[in-house]
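Understanding the architecture of this molecule
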Amino acid sequence: MDSIQIDAVRERLSEAKKIVVLTGAGISAESGVPTFRGADGLWKNFRAEELATPEAFSKDPKLIWEWYSWRRDIISKVKPNPAHLALAELEEKSGDFALVTQNVDGLHGLAGSKNIYELHGNIWRTRCLECSTVVETRSLPESGLPHCNREGCKGLLRPDIVWFGESLPMEVVTGAFQAVDEADFMFVIGTSSVVQPAASLSSRAKSNGAYVVEINPEKTPISDMVDASFQTKAGDTLPKLI
Ligand code: OAD
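The paragraphs below set out a description of the structure included in this document. (Residues numbered from 1 in each chain as written. Predicted model: local features only at pLDDT ≥ 70, side-chain atom pairs only at ≥ 80, totals over all residues. Heavy atoms only, no water.)

**Section: the overall build of the protein chain**
Within the protein chain one finds ten helices and nine strands. Against the 2.2 N^0.38 benchmark of 18 Å for 242 residues, the protein chain shows a C-alpha radius of gyration of 18 Å, consistent with a compact globule. With the C-alpha coordinates of the protein chain rotated into their principal frame, the extents come out at 60 × 35 × 30 Å. Within the protein chain, the fraction of its 242 residues that count as buried is 52%. Taking contacts inside the protein chain between residues at least 6 apart in sequence as the whole, the part at least 24 apart equals 66%. Distance between charge centroids for the protein chain: 3 Å, based on 26 positive and 33 negative side chains. (Helix = DSSP H or I, 4+ residues; strand = E, 2+ residues; numbered from the N terminus. Rg over C-alpha atoms; globule rule 2.2 N^0.38 Å. Buried < 20%, exposed > 50% of the residue type's maximum accessible area, 1.4 Å probe, protein only. Contact = heavy atoms within 4.5 Å. Lys, Arg positive; Asp, Glu negative; His and termini not counted. Charge placed at Lys NZ, Arg CZ, Asp CG, Glu CD.)

Laid out in structure tokens, this is it:
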């Protein structure tokens, strides 16, 4: 790893007045959560784009719940890794800090991060298709589809996750964009930077004058635009920077 680059980024970080961090599936990879577009990204030969849609859920809710039950099972057994913990520590040390994540696994919260914008929802929540009630629940029926427990409602439940083609929750987007607009330092960690609107946040921060640092073992569409790019695992590099 380039120690001159590490020192340069550490210096910028120590001078930063407002830090914003964008994370994607790659930050949880070292905890053991499969990414969506990596070698481990396929589930039963389906791509995320084929499963994470309202159309796929209407056509075959059982299949989609099977996929989410598989992901829930994996996530229930894993722990935050040194990259999640380093970000929680950075928040504690910094005056003004916001964490914007595309992840639905809740690991940032478990690591101790507080000011979190979950752009794509949370895998531990369900939402009723009839009455829209959102509930946090770890337990799902062993067999069959989950249904709403509210008196008088037996609606089908879906994961409270933002799927392709759906709008992101307005208050979350507004908060995340505001944090990006105010930031003078941004980390972009473990995202392929292909899914909008999250993918546009780094160029938005850059055009507002922020210093943008990417950490991702693979080159992405933003790698040539950022101020510093570490082609490494987040768990190796983040603790060295923070
Ligand atoms: P992707 O699976 O598209 O990208 C994960 C990125 O993490 C890749 O660029 C990897 O190179 C990188 N990566 C892998 N291991 C890493 C490590 N140890 N440290 C750092 N980076 C690592 O995941 P996202 O960009 O998060 O949405 O995908 C965006 C959205 O598409 C997801 O939120 C999900 C998906 O479909 C929904 O399901 C609605």
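**A word on the side chain of Asp105**
In this structure, Asp105 sits in the loop between β2 (97-101) and α7 (107-111). Despite its burial, Asp105 remains without a salt bridge, the nearest opposite charge being carried by Arg71 at 6.6 Å. A polar contact of 2.7 Å, which involves the side chain of Asp105, links it to the side chain of Ser28. Of note is the side chain of Asp105, whose polar atom sits 3.0 Å from the backbone nitrogen of Leu107. Setting aside residues up to four positions removed in sequence, Asp105 forms contacts with Ser28, Val33, Ile75, Ile123 and Trp124. (Salt bridge = Lys/Arg side-chain N within 4 Å of Asp/Glu carboxyl O. Polar contact = N/O pair within 3.5 Å; in protein donor to acceptor, adjacent residues only side chain to side chain.)

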